[in-house]
Amino acid sequence: RTYKKLFFKFLDKNRKNFLGIITNSEDMRLNLIKNFNNFDKIYTVQFPVEISKISITDSEKQKIKQDLLLPLQKKIILVFGLLRKEKNYDLSFKILKKLENDFHMIIAGSESSINKQDLLNIAKVNNVKNYTILCDYFDEKDVSTFYSISDIFLFNYNHSFHSQSSPVAISGQFKLPVIAC
C-alpha cells in the first residue's frame, strides 16, 4: 500500500512533465485514469511473449511426468510464475480439492513474497494432496516442458492486482486452456 501511495503521489506531482503513460493492462490504464483527473494520455501496450515450443509425443509426456514424480493418469493443472501474495493460492488449492480425483496441480516459479513453506501451509489447511511445488528460476526449455505436459493453466491473481501475465500469454502460444479464478 505504501508503494502504491508513493507511486500515485509521484505520478500526480510530475504528470505535467509526462508526454504520456504506458501501461501493460487495460485495468491498470482505467485505474490510472480514475486516479488522475484531466490526464487522458494513458495508453495500453500489450507486450508479446514467445517461448520456443517443443513438440512432445504422448510417450515423452508420460516420461517427463514420471521423471517429475507426477501421477501418470491425472490431468495437470499448471500455476506458473513468480510466487506472489497477489496470487490467490488458497483459492487454487480449494479448486484442486474439488478436482483431486482427476487432476494434479504443479505450482512452479521463483519465490518472491510467498515461499514454498507458505504454499505447503496453505495446502495443509485445505487438506490437499495432489500437488507439486517447484521453486526455482526456470529457463525457456523448462517453461516449454511445463506447458507441454499440462492440460490447463490456472490464472489465480487477486482481482485487486493489475498486471499483464506473461504466463497467460504463453498459455495461448501452447493452446493451453486458461481458467481464471
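How each quantity is defined
- Residues numbered from 1 in each chain as written.
- Predicted model: local features only at pLDDT ≥ 70, side-chain atom pairs only at ≥ 80, totals over all residues.
- Heavy atoms only, no water.
- Helix = DSSP H or I, 4+ residues; strand = E, 2+ residues; numbered from the N terminus.
- Buried < 20%, exposed > 50% of the residue type's maximum accessible area, 1.4 Å probe, protein only.
- Contact = heavy atoms within 4.5 Å.
- Areas by Shrake-Rupley, 256 points an atom, 1.4 Å probe, with all protein chains shown as cover.
- pLDDT = per-residue confidence, 0-100.
- Phe/Tyr/Trp six-rings, centres within 6.5 Å; stacked < 30°, edge-to-face > 60°.
- Core = buried A, V, L, I, M, F, W, Y, C linked by side-chain atoms within 4.5 Å.
- Patch = residues over 30% accessible without salt bridge, like charges linked within 9 Å, V, L, I, M, F, W, Y side chains within 5 Å.
- Salt bridge = Lys/Arg side-chain N within 4 Å of Asp/Glu carboxyl O.
- Lys, Arg positive; Asp, Glu negative; His and termini not counted.
- Charge placed at Lys NZ, Arg CZ, Asp CG, Glu CD.
- Pairing = 2+ DSSP bridges.
- Right-handed = clockwise from strand over helix to strand, strands pointing away.

If you tally the helices and strands in the protein chain, you get seven helices and seven strands. Counting from the amino terminus, helix and strand elements in the protein chain follow one another as α-β-α-β-α-β-α-β-α-β-α-β-α-β. Burial statistics for the protein chain: of 181 residues in total, 38% are counted as buried. Taking as baseline every contact in the protein chain between residues at least 6 positions apart, the subset at least 24 positions apart corresponds to 72%. Carbon together with sulfur atoms contributes 53% to the accessible area of the protein chain, which is approximately 11,300 Å² in total.

Predicted confidence across the protein chain gives a mean pLDDT of 84, with 87% of residues reaching 70 or more. Looking at the elements of the protein chain, mean pLDDT is at its lowest for helix H1 (residues 2-14), recorded as 72, and at its highest for helix H5 (residues 116-125), recorded as 97.

Per the counting criterion, the structure on display carries seven aromatic pairs. Ring geometry for Phe80 versus Phe146: centroids 6.1 Å apart, planes at 45°, classification tilted. Remark: Phe146 occurs in helix H6 (residues 140-149) and Phe80 occurs in strand E3 (residues 75-80); sequence separation between them is 66 residues. You can call Phe80 buried: its relative accessible area is 12%.

This next bit is on the nonpolar core. Across soluble globular proteins, nonpolar side chains show a tendency to be buried alongside one another. Judged by nonpolar contacts, the single largest core of 18 residues is most densely connected at Tyr89, Phe93, Leu96, Met105, Ile107, Leu119 and Tyr131. Counting residues per element, the ones that place at least two in this core are E3, helix H4 (89-99), strand E4 (103-109), H5, strand E5 (131-135) and strand E6 (152-155). Filtering out sequence-adjacent residues up to four positions away, Phe93 remains in contact with Met105, Ile107, Leu119, Ile122, Ala123, Asn126, Val128 and Tyr131.

Side chains of Asp136, Asp139, Glu140 and Asp142 sit close together on the surface and give a patch of like negative charge. When its relative accessible area of 38% is taken as the criterion, Asp139 is described as partly exposed.

Counting buried residues in E3 gives five out of six residues, a clear majority hidden from the surface. When E3 meets E4, the two strands line up parallel, connected through six bridges. Looking across to E4, one finds that Ile76 is bridged to His104. Considered for its hand, the β-α-β crossover made up of E3, H4 and E4 is right-handed. Strand direction decides the pairing type here: E3 and E6, joined by two bridges, are parallel. Bridged to Ile77 within E6 is Ile152.

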